[in-house]
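Structural overview
Letter by letter, the chains look like this.
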Amino acid sequence: MRIVLLGAPGSGKGTQAAILTERLGVPHISTGVLLRAAVEAGTELGRKAKSIMDRGELLPDDIMLDLIEERLQAPDAKPGFILDGYPRNLSQAASLDGLLDRLDKPLDIAIQIDVDAEQVIRRIAKRAEKEARSDDSEETVRKRMQVYEEQTAPVVDHYARNGLLTQVLGEGSIEDVNQRIMAALKADSID
Ligand code: AMP
């Protein structure tokens, strides 16, 4: 199963992807997690990424494509993957289409987790307390929300046009949202 998960920062994407990876037996590939690991390890990529991430901006598309291309070719991604955090703009969406085409691994579904802005801000404030992410400060969150609205929201339309999009309500408990996603995946594998 090859899945793209879409949703605003704080929509619960990462939490849902972590559950889905267990249930579906395919890896959770989060560009944010990969980048934070690179920052932690002090690699060249990490050094470049840190200040951009702390400002809430996006890394250059070519860097992200190299990162995702390498990760998607790892043996564990053979049976499929759950992509979280990529693609983040229309250019990345087109690059991903081209890459998956070349690898002969077309996407099965793009799932958007839909939550209202108020709830997103509450969730991020909670996460900031728990995880101490340096990009969860109020100013950076505001910037990340703006980047999402301007650059990532059009990606939802891209998948709608390709007939791959399913929208799922992101409100309620983690299990409620997961049940909705599982139902969407089931419906997708039936049609
Ligand atoms: P996330 O954990 O997905 O919210 O990502 C945290 C930060 O990593 C983002 O605010 C960006 O600075 C960077 N990032 C993650 N994914 C991408 C991407 N696909 N393109 C560019 N920058 C990204």
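Everything discussed here concerns the structure shown above.
What you see is a predicted model, and the numbers here were worked out from it, not measured in a lab.

Cut-offs applied
- Residues numbered from 1 in each chain as written.
- Predicted model: local features only at pLDDT ≥ 70, side-chain atom pairs only at ≥ 80, totals over all residues.
- Heavy atoms only, no water.
- Pairing = 2+ DSSP bridges.
- Helix = DSSP H or I, 4+ residues; strand = E, 2+ residues; numbered from the N terminus.
- Axes fitted to C-alpha atoms, helices over the stretch in contact; angles between N-to-C directions.
- Contact = heavy atoms within 4.5 Å.
- Near = heavy atom within 4 Å.
- Polar contact = N/O pair within 3.5 Å; in protein donor to acceptor, adjacent residues only side chain to side chain.
- Areas by Shrake-Rupley, 256 points an atom, 1.4 Å probe, with all protein chains shown as cover.
- 1 Å grid on protein atoms, 1.4 Å probe; cavity = no way out; pocket = protein on both sides within 12 Å on 5 of 7 lines; lining within 4 Å.
- Sits in = over half its atoms within 2 Å of the grid points.
- Expected span 1.5 Å × (residues − 1).
- Buried < 20%, exposed > 50% of the residue type's maximum accessible area, 1.4 Å probe, protein only.
- Arc of directions from axis to C-beta.

1. Examining the sheet that holds strand β2 (residues 28-30)
Here 5 strands make up an open sheet; going across it, the order is β2-β3-β1-β4-β5 and the pairing parallel. On the outer flanks of this sheet lie β2 and β5 (165-169), each paired with one strand and no other. This sheet shows a mean twist of 25° between the axes of neighbouring strands, independent of strand direction. Summarising the sheet, β2 and strand β3 (residues 81-84) pair through 3 bridges and their orientation is parallel. Residue His28 lies in a different strand from β3, and its bridge partner there is Ile82. Most of the contacts of helix α1 (residues 13-24) go to β3, to which it runs at about 175°, and overall it touches β1 (2-6), β2, β3 and β4 (109-114). Those strands touched by helix α2 (residues 31-41) are β2 and β3, and its axis lies near 65° from that of β2.

2. A word on the site of the ligand
Near the ligand you find 16 residues, and of these Thr31, Arg36, Glu57, Gly85 and Gln92 are the closest. At 2.8 Å, a side-chain N or O of Thr31 approaches a nitrogen atom of the ligand. Considered on its own, the ligand offers 470 Å² of accessible surface; in the complex 96% of this is hidden by protein. Under a 2 Å grid-point criterion requiring more than half of the atoms, the pocket assigned to the ligand is the largest pocket. Residue contributions to the shell around the ligand peak at 4 residues, all from α2.

3. As for helix α6 (residues 117-131)
Compared with the 21 Å implied by 1.5 Å per residue over 15 residues, the 21 Å span of α6 between its first and last C-alpha is a close match. Listed as buried for α6 are Gln119, Val120 and Ile124. Along the long axis of α6, the arc covered by the buried residues comes to 130°, so they all point the same way. Across from the buried face of α6, at angles greater than 90 degrees, the exposed residues are Glu118, Arg122, Lys126 and Glu129.

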